[in-house]
Amino acid sequence: MEQKTLLIGDVDAIQEFVFETSSLPQIRGGSQLLLECEDEVAKKVEDLGGEKIHCSGGSFLFEIPSNQVETAREAIEKIYLDHTLTATVTVAFESGVLPPDLPSPPQNGWANRLWAAHQQAQQSGDFARQVAFLGAQIRQRKSQKTDTPFLETFPFGKRCERCGKRLAIGHEPVEGGKALCAVCWRRDQKGRSKEQEIRGKFNQEFWTLFAAREGFRARQSQDLDTLVRGAKRTQLAFLYADGNDIGGLLQQAASKDEYSQISEAVREGTKEALFQAVVTVCGSTLRKENTCWPFDIINVGGDDVTVLIQPGYAWELAVEFLKNFEAEINRRLPGRVRRAGPVTASAGIVVADVKHPVRYLAHLAGDLLKRAKKVAKADSNHPQSAVTFLWLPNPIATEKAEPLMAYYKRNDNEILTARPYTLDRAEQLTGLVEQASQWPRSLRYRWGEALEHGMWVSLNTVYYDIARKKKGERARLAHFLSQVSNLAVQQQYQASPPGPLWQSYQEGKQTGWRTALLDVLELAELRAMRSDVREEEER
């Protein structure tokens, strides 16, 4: 009987390749090139007698005849280099005998923690342990990589006007098109739309499924400037979402067939969740003639989602996606798979001017996603989906969210934000944002400025404004503030707040006050950028 071996792979530095430039055709093209590589890799492995277990989102797992693993590894690496010129992939395969289970947990602190983390894979059988060891090999090999593709660039010659790194070989096929290097030219060719053509694999799938059924008439945006043109301000949102502990979910697979079923359930469920969210949130805009899509789906890789979208739709799309994700994934999973609770996801949103380098937005969104995941996993017995956001009114060249979030801290014990939000609170916040987005802009600005001056100034300003309103409106605003107050409540720590606008919080040994009102005001200001939102005049 022919001996089989598991072969695993993961593409290196995907974001660096896809978001190397801020040109929408190139971003689409970079994503499409990597997707085509996946298809060709799967075909090549099957030609070598292998079987696909998982291949999506820049990672893959195959079972292949043992005498073909080196041939497959070399072929896979060549496919990525030939298609992209710069993107690389790390490949590992089984070698030697699988180590035996530990008879008892080690007593050493760190060793015991590692043993506990790996216990789930041990309980699921040899296949799960095989995959876990291969995953460790991949991480080790990635950390030890020293070679990168080299494209020679002479000291004299015209540089690429997109990436600025390599020598130009041609121009974009439009009037006044920029000079492009070989890498950027390939991405541009793959991602640039022609008349009546939908570019991007997932954009195509979305349009094919829903355009005729929903009566969509809008045109796909050709570039980022076109994408944000329908909004009142030229701002762009980068939405990055990812499933929580999907690796742990896959570790529950007791066989390759079950692993494949879980992988397929996650992939199809994620895609369906996003498509339905887009229809719900952006459907009315897509039905209008002589308008452009307010979004572009860059990638749906397994449980990983990347979307560029107008800021006015971003928060609602994220919340709707997370809600759909929980429903779709849990509905599709095989019945044997053990779950302590629902399969959840997290999302990070960054908003900046459309001219802001997209690669910075990608890194910031990833950093925000980690903050949301921390909240989502805070209670292991009750996993939750979570979402957070960051708005950069002014351009700042940074890839870390922490120094930017420090802006919201005042007077050592006052925080002007309650983010990240769990899904249930994010849904409540969405309703408040819809209300506030129709308020006079001057009122939102005044309240936001008062919050920056501290707790007591904000209380005086907000309640003075409410006192000046008519009786019915006073009651409505008072109810609004009580709902805002609930968003900032920290269940683990309670103290008497100075009015419902501020709530007590505890972080480590530090205690203080926080409010969710600025979160509402910022999101309302972003939502008000939509062309279909009408703001009242202040009386």
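For the structure, see preceding data.
Every value quoted in this text rests on a predicted model; they were computed, and no experiment measured them. (Residues numbered from 1 in each chain as written. Predicted model: local features only at pLDDT ≥ 70, side-chain atom pairs only at ≥ 80, totals over all residues. Heavy atoms only, no water.)

Draft legend 1. Quick look at the overall build of the chain. Assigned secondary structure in the chain consists of 18 helices and 16 strands. In terms of C-alpha radius of gyration, the chain reaches 25 Å, essentially the compact-globule figure of 24 Å for 539 residues. Across its three principal axes, the chain shows a C-alpha extent of roughly 85 × 70 × 50 Å. When the 539 residues of the chain are sorted by exposure, 53% land in the buried category. Total accessible area on the chain is roughly 25,200 Å²; 49% of this is exposed by carbon and sulfur atoms. With 70 positive and 70 negative side-chain charges, the chain shows a separation of 4 Å between the mean positions of the two kinds. (Helix = DSSP H or I, 4+ residues; strand = E, 2+ residues; numbered from the N terminus. Rg over C-alpha atoms; globule rule 2.2 N^0.38 Å. Buried < 20%, exposed > 50% of the residue type's maximum accessible area, 1.4 Å probe, protein only. Areas by Shrake-Rupley, 256 points an atom, 1.4 Å probe, with all protein chains shown as cover. Lys, Arg positive; Asp, Glu negative; His and termini not counted. Charge placed at Lys NZ, Arg CZ, Asp CG, Glu CD.)

Draft legend 2. Representation of the packing of helix α2 (residues 24–47) against helix α6 (residues 182–191). Taken N-terminus to C-terminus, the directions of α2 and α6 make an angle of 90°; their axes are 7 Å apart at the nearest point. With respect to α6, the axis of α2 lies roughly perpendicular. On the side of α2, the interface is formed by P25, Q26, R28, G29, G30, Q32, L33 and E36, while α6 contributes C184, R186, R187, D188, K190 and G191. Residue composition of the contact of α2 with α6, grouped by class: three nonpolar, five polar and six charged. (Axes fitted to C-alpha atoms, helices over the stretch in contact; angles between N-to-C directions. Parallel < 35°, antiparallel > 145°, perpendicular 65-115°, else oblique. Contact = heavy atoms within 4.5 Å. Nonpolar A, V, L, I, M, F, W, Y, C, P; charged D, E, K, R; others polar.)

Draft legend 3. Expanded view of the packing of aromatic side chains. Going through the model one piece at a time under the given rule, you end up with 18 aromatic pairs. Consider the rings of F206 and F210, whose centres lie 5.3 Å apart with planes at 35°: the pair is tilted. In this pair, F206 and F210 are both assigned in helix α7 (residues 201–214), four residues apart and thus about one turn of the helix distant. You'll find F206 and F210 in the same group, each marked buried. Their ring planes at 75° and their centres at 5.4 Å tell us that W439 and W447 sit as a pair that is edge-to-face. When sorted by exposure, W439 lands in the same class as W447, which is buried. Seen from the ring of Y360, R359 lies directly overhead, with NZ or CZ sitting 5.3 Å from the centre. (Phe/Tyr/Trp six-rings, centres within 6.5 Å; stacked < 30°, edge-to-face > 60°. Lys NZ or Arg CZ within 6 Å of the ring centre and 35° of its normal.)

Draft legend 4. Main features of unusual backbone geometry. The omega torsion across R419 and P420 is 0°, close enough to zero to call that bond cis. Positionally, P420 belongs in the loop between β13 (414–415) and β14 (421–422). Although it is not a glycine, L85 sits at a positive phi angle of roughly 75°. Inspection of the secondary structure assignment puts L85 in the loop between α3 (69–84) and β4 (89–93).

Draft legend 5. Region of interest: the environment of E2. Within the secondary structure layout, E2 lies in the segment before β1 (4–11). Considering only alpha carbons, one finds E2 and S66, 64 residues apart in sequence, at a separation of 8.1 Å. For E2, the contacting residues outside a window of four places in its chain are P65 and N67.

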